[in-house]
Number of protein chains: 2
Amino acid sequence: MDMTFEIIGWLAGICTAVSFVPQSLKTFRTKNVAGLSALTYTVYNLGVLGWVVYGAYLKSYQMVVFNAVCFAFSFSVLAMILRYRRRSRL
Amino acid sequence: MDMTFEIIGWLAGICTAVSFVPQSLKTFRTKNVAGLSALTYTVYNLGVLGWVVYGAYLKSYQMVVFNAVCFAFSFSVLAMILRYRRRSRL
């Protein structure tokens, strides 16, 4: 039973870590950022970065790695929102 | 120093918990889901739900509450993607 929950924890970590890969690819391909919330991605990235720091403090390397991967992709989405939004205003 | 990291952990939890509130409100208002990735929100919601279960197993009530709040809003975004996408196809 414990093993089941540990597996759920790992799967959850993998899911949240890679979840922004398709969003990042879609935004890169379409440059359509009109429906995306810059505030959501700003707050989310700050939160995930906080989890990286907190994971390092707890010496939980899974937490650091999962959240660092998550940050890389969600930050790329934020960067594209800011870039393509600015461009469309020109 | 420990206190600082505990505060970082709490702030990270609050950030990720509420981060999808602006996205949810924006999508509700604009119904513009063309730029949103349904796959991202599906994988992300599964992951967050996994964290709720894993948090309950660890008896970490902060983990359960933060992730349940996060799930509520990110699930609402997924529901709107599926709803408004279908509508625009009619």
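Before reading further, recall that the structure is shown in the block above.
Residues numbered from 1 in each chain as written. Chains lettered and ligands numbered in written order. Predicted model: local features only at pLDDT ≥ 70, side-chain atom pairs only at ≥ 80, totals over all residues. Heavy atoms only, no water.

**Things to note about the overall build of chain A**
Along the backbone of chain A there are four helices and zero strands. Sequence-ordered secondary structure for chain A, helices as α and strands as β, is α-α-α-α. In terms of overall size, chain A is more extended than a compact globule, its C-alpha atoms giving a radius of gyration of 15 Å where 90 residues would be expected to give roughly 12 Å. If you line up chain A on its principal axes, its C-alpha atoms span 55 × 25 × 15 Å. In chain A, the proportion of contacts linking residues at least 24 apart, taken out of those at least 6 apart, comes to 72%. Accessible surface for chain A amounts to roughly 5000 Å². Of this, 71% is attributable to carbon and sulfur atoms. (Helix = DSSP H or I, 4+ residues; strand = E, 2+ residues; numbered from the N terminus. Rg over C-alpha atoms; globule rule 2.2 N^0.38 Å. Contact = heavy atoms within 4.5 Å. Areas by Shrake-Rupley, 256 points an atom, 1.4 Å probe, with all protein chains shown as cover.)

**Describing the interface of chain A and chain B**
Between chain A and chain B, the contact holds 34 residues from the first and 34 residues from the second. Carbon and sulfur atoms make up 68% of the surface buried where chain A meets chain B, a total of about 3100 Å² over both sides. For the pair chain A and chain B, the interface holds zero salt bridges. Where chain A touches chain B, the interface holds 19 residue pairs in polar contact (both at pLDDT 80 or more). Elements that contribute at least two residues to the side of chain A that touches chain B include exactly α1 (2-18), α2 (20-30) and α3 (38-57) of chain A. In terms of residue count, α3(A) provides more of the side of chain A that touches chain B than any other element does, 13 residues in total. Classifying every residue of the side of chain A that touches chain B gives 19 nonpolar, 12 polar and three charged. (Buried area = accessible area lost by both parts, 1.4 Å probe. Salt bridge = Lys/Arg side-chain N within 4 Å of Asp/Glu carboxyl O. Polar contact = N/O pair within 3.5 Å; in protein donor to acceptor, adjacent residues only side chain to side chain. Nonpolar A, V, L, I, M, F, W, Y, C, P; charged D, E, K, R; others polar.)

Just distances and angles here, no functional claims.
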